[in-house]
Amino acid sequence: MTATVSARGLTHRFGPLDVLGGVDLEIEAGALLALAGPSGSGKSTLLEITGGLREQSGGLVEVNGSADAAGRLRGCAWMPQRDCLLPWYSALDNASLALVNQGKSRREARKSAAERFEHFGLEGFETARPDELSGGMRQRVAFIRTLLSAKPVLLLDEPLAALDAITRAELQEWLTPVLRESGATVLLVTHDVEEAIYLADRVTVLSPRPGRSIATIDGMRGSPGRRDEVVSSPAFNRKREELLGLLRSDQARGAAR
Amino acid sequence: MKARIWLPPLLLVLFLLGLWQLAASSGFLADVLGLEDFLVPAPSEIADVLWQDRDLIFDNAGTTLVEIAAGFGLALISGLAVAVAFRGSDLVRRAGYPLVVASQTIPVIVIAPVLVVWFGYGIWPKLLIISLICFFPITVNTLDGLRRVDPEAVRMMRSLDGSRMTIFRRVEVPTALPGVFTGARIAAAVAVIGAVFGEWAGSDKGLGHLILQDNAQLMTARMFASVFVLSLIAISLYALIGLLERAVVRWR
Ligand SMILES: Nc1ncnc2c1ncn2[C@@H]1O[C@H](COP(=O)(O)OP(=O)(O)OP(=O)(O)O)[C@@H](O)[C@H]1O
Ligand SMILES: [Mg+2]
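Residues numbered from 1 in each chain as written. Chains lettered and ligands numbered in written order. Predicted model: local features only at pLDDT ≥ 70, side-chain atom pairs only at ≥ 80, totals over all residues. Heavy atoms only, no water.

S.K.: What should I look at first to understand the overall build of chain B in this one?
M.R.: Scanning chain B from terminus to terminus reveals 11 helices and zero strands. Start at the N end of chain B and walk to the C end: the helices and strands fall as α-α-α-α-α-α-α-α-α-α-α. The C-alpha extent of chain B, read off along each of the three principal axes, is 75 × 55 × 30 Å. In chain B, buried positions account for 41% of the 252 residues. Taking the contacts inside chain B whose residues are at least 6 apart along the sequence as the reference set, 72% of them involve residues at least 24 apart. Taken as a whole, chain B presents about 13,700 Å² of accessible surface, with 71% of it coming from carbon and sulfur. Computing the positive centroid from 20 side-chain charges and the negative centroid from 19, chain B places the two 18 Å apart. (Helix = DSSP H or I, 4+ residues; strand = E, 2+ residues; numbered from the N terminus. Buried < 20%, exposed > 50% of the residue type's maximum accessible area, 1.4 Å probe, protein only. Contact = heavy atoms within 4.5 Å. Areas by Shrake-Rupley, 256 points an atom, 1.4 Å probe, with all protein chains shown as cover. Lys, Arg positive; Asp, Glu negative; His and termini not counted. Charge placed at Lys NZ, Arg CZ, Asp CG, Glu CD.)

S.K.: Would you take a moment to explain the coordination of the magnesium ion (ligand 2) for this structure?
M.R.: A metal bound by six donors in octahedral fashion has ideal angles of 90 or 180 degrees, whereas one bound by four tetrahedral donors has an ideal angle of 109.5 degrees. Residue and element names in this part refer to chain A. The coordination sphere of the magnesium ion (ligand 2), as far as protein atoms go, consists of S44 (OG) and Q81 (OE1), spread over 1.9 to 2.6 Å. Placement of the pair is S44 in helix 1 (residues 43–50) and Q81 in the loop between strand 5 (76–79) and helix 3 (91–95), with a sequence separation of 37 residues. The exposure class assigned to S44 is partly exposed, which follows from its relative accessible area of 22%. Judged by relative accessible area, Q81 falls into the partly exposed class, the value being 39%. (Donors = N, O, S within 2.8 Å, 3.2 Å for Na, K, Ca; no water.)

S.K.: Please clarify how a nonpolar patch on the surface should be interpreted in this entry.
M.R.: Residue and element names in this part refer to chain B. Where nonpolar side chains cluster on the molecular surface, the patch consists of W6, L7, L10, L11, V13, L14 and L17 and spans about 630 Å² of accessible area. Within the element layout of this structure, V13 appears in helix 1 (residues 2–25). For V13, a relative accessible area of 45% gives the class partly exposed. (Patch = residues over 30% accessible without salt bridge, like charges linked within 9 Å, V, L, I, M, F, W, Y side chains within 5 Å. Salt bridge = Lys/Arg side-chain N within 4 Å of Asp/Glu carboxyl O.)

S.K.: Explain the site of ligand 1 to me, please; I cannot follow it from the model alone.
M.R.: All names here are of chain A. Lining the immediate environment of ligand 1, one finds 16 residues, of which S39, K43, S44, T45 and R209 sit closest. Residue H191 places a side-chain N or O atom 3.1 Å away from an oxygen atom belonging to ligand 1. Mapped by element, the contributors of at least two residues to the shell around ligand 1 are strand 2 (17–27) and helix 1. Ranked by residues supplied to the shell around ligand 1, first place goes to helix 1 with three residues. When its residues are assigned to classes, the shell around ligand 1 shows four nonpolar, eight polar and four charged. (Near = heavy atom within 4 Å. Polar contact = N/O pair within 3.5 Å; in protein donor to acceptor, adjacent residues only side chain to side chain. Nonpolar A, V, L, I, M, F, W, Y, C, P; charged D, E, K, R; others polar.)

S.K.: Would you explain helix 11 (residues 220–248) of chain B in this entry?
M.R.: Along an α-helix, residues three or four apart share an orientation, since each turn contains 3.6 residues. Residue and element names in this part refer to chain B. In this model helix 11 runs 42 Å from its N-terminal to its C-terminal C-alpha over 29 residues, within 8% of the 42 Å that 1.5 Å per residue would give. Burial in helix 11 covers these residues: T220, A221, R222, M223, A225, S226, V229, L230, I233, A234, I241 and E245. In this structure, the buried residues of helix 11 make contact with helix 3 (43–52), helix 4 (54–88), helix 9 (164–201) and helix 10 (207–216). (Expected span 1.5 Å × (residues − 1).)

S.K.: Would you take a moment to explain the sheet that holds strand 5 of chain A for this structure?
M.R.: Strand pairing in a sheet is mediated by backbone hydrogen bonds. Such pairs are either parallel or antiparallel. Residue and element names in this part refer to chain A. In spatial order, the strands read 5-6-7-3-8-9; together these six strands make up an open sheet with mixed pairing. At either end of the open sheet lies a strand with only one pairing partner, and these are strand 5 and strand 9 (213–218). Within this sheet the neighbouring strands show an average axis-to-axis angle of 15°, counted without direction. Direction of pairing for strand 3 (residues 32–36) relative to strand 8 (residues 202–206): parallel, over a ladder of four bridges. Residue pairing for strand 8: L33 is matched across the bridge by R202. Most of the contacts of helix 1 go to strand 6 (residues 153–157), to which it runs at about 155°, and overall it touches strand 3, strand 5, strand 6, strand 7 (185–189) and strand 8. (Pairing = 2+ DSSP bridges. Axes fitted to C-alpha atoms, helices over the stretch in contact; angles between N-to-C directions.)

The structure is reproduced here in C-alpha cells:
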C-alpha cells in the first residue's frame with residue numbers, strides 16, 4: 001500500500017508565466033512531506049502535477065515508479081484547496097464518492113463511509129447537506145472522501161487553511177493518527193509553519209515564484225504528548241525559528257529581485 | 001405565508017377584470033372605440049361563452065395541447081443533445097453555435113406557411129415551429145448551466161477514479177440542471193405562441209384555428225375565451241416545470 005514520490009528538476013510554466021523553477025523532492029514510503037512556501041510559489045500547481053492532473057513543462061516526477069501522468073493519477077488522491085463537496089449529495093454520499101466511482105454499490109459505499117463518520121465525530125450528520133455543516137465538519141468529510149479512495153499517495157492542498165485557529169489545532173491533532181493508520185504517503189501543502197513542523201516528517205521550503213526547492217528540514221511528526229505541549233517545547237521553537245528564517249530569507253530575496 | 005405569494009397577483013387580476021367588466025357592460029368601451037356593443041365583450045360574457053361552447057373549445061384545446069407537448073418534447077431532446085455535443089467538443093461548438101443563434105432569427109410567421117406547403121395540414125408543421133421556438137432557450141440555458149461546472153470538482157473526481165461518464169453524470173448534469181429548467185420554463189411560455197402561428201398557417205383544428213374562424217365571424221367573446229384557455233395552458237406548463245424543478249433541484 002505504500003509508495004514513494006520523487007521530483008527532480010521539475011519546472012512548469014503557464015504561458016509566459018514561470019511558476020515552478022526547478023523542484024527536487026523525495027518522499028519515502030509512508031512518510032509525510034510538508035511543502036511550505038509563499039503564496040503564488042506554485043505549491044498547488046506542484047500538487048496537481050504530482051497527482052497526474054496536469055503535465056509538467058519539464059523535469060521528472062515519479063509516483064510509485066510511474067513517471068507518466070496517467071500512472072501518477074492512478075497512484076494519488078488529491079484533496080483540493082477548497083473542500084469541493086458536491087451540494088447535490090449528502091455528507092455521506094460525498095464521503096463515499098470514490099468508492100462509488102470505483103464500482104462499489106451505493107449501499108456498500110455508504111456503509112464504509114458511515115463507519116468513518118462514527119470514528120470522526122460526524123455521526124448524526126450522515127444525511128446533512130454540505131451547506132448545513134460547519135467548516136471543520138466539511139473538511140473532515142473531505143478527508144474521509146480522500147482516505148476512502150484507498151490510494152497509496154495523498155496530496156493535501158492546505159486542508160486546514162480555511163479554519164479558525166482553534167479548529168485547525170484540533171484537526172491537526174485528529175489528523176495525526178488518522179494519517180498514520182492509513183499508511184499512506186502524504187504530500188501536504190501548508191502556509192502554517194507550526195502545522196508543517198507538527199504534522200510532517202520533513203518540510204521542504206519553496207522560494208517565491210518561480211518556486212524552487214531551497215531547503216528541507218526535519219519535522220517533528222510523531223512527537224509524544226499533546227499538541228499544545230509539543231508546540232510549546234524548546235525543540236519545537238527552534239524548528240519554528242529555523243523554518244521562519246528560511247521562509248523570510250527567501251522572501252526578502254524574492255522582493256529584491 | 002403561502003397566501004402572501006398568490007394573493008397580490010390574484011387581487012390585481014380581479015381588480016383589472018372588474019374595471020374591464022364595468023367599462024364593457026356600461027357600453028363605455030364600445031362608445032370610446034366607436035364599435036357595436038357585441039364587439040367589445042365583458043368578462044362575464046366571455047365566461048358565458050366559455051361555458052356554453054366548452055365542448056368545442058376543449059376539443060380544440062386538446063389538439064393544441066398535443067402539438068405543444070410534442071413540439072416542446074422534441075425541442076427538449078434536441079436542445080439537450082446539442083448542448084451536450086457542444087460541451088463535449090470545442091470544434092463542434094464553434095461550428096454549430098452560429099447556427100443555433102441563426103435558428104432564433106428565423107421569422108416564424110414566414111417559415112410557417114412554407115412548412116405547411118411541405119408537410120400539409122397535419123401536426124408536423126406545428127410541431128416543427130413549436131420546437132424551433134423552444135429550441136433556442138433550452139439549448140442556450142443548458143449550455144450556460146454546463147459552463148458553470150467547477151473545474152476543481154472535475155479534477156477532484158478524476159483523482160478519485162471518476163471516469164469521463166461518471167463525471168458527466170455526477171458533476172456536470174447536476175450543475176447544469178437549474179439552467180435546463182430555466183430554459184424549459186422560457187420555452188413553455190413561448191411554445192403557445194408557436195402553436196398559434198402554426199395553426200394560422202394552415203390547420204383544421206386547434207385553438208389557433210378556432211380563433212381565426214371566430215375572427216372572420218366577429219365572434220369576439222369566443223376569441224377571448226380561446227385566448228384565456230391558451231394562457232391557461234402556458235401558465236400550467238410553466239408551473240408544472242417549476243414544481244418539477246423544486247422536486248429535483250433540492251440543493252438550492
Ligand atoms: N490554470 C492556470 N493558468 C494560468 N496561471 C495559473 C493557473 N493556475 C495557477 N496559475 C498561476 O500560477 C501561479 C502559482 O499558482 P499556485 O496556485 O500553484 O500557487 P500556490 O503556491 O498554491 O499559491 P497559494 O499559496 O496562494 O495557494 C500563480 O501566479 C497563479 O496565478
Ligand atoms: Mg495554492
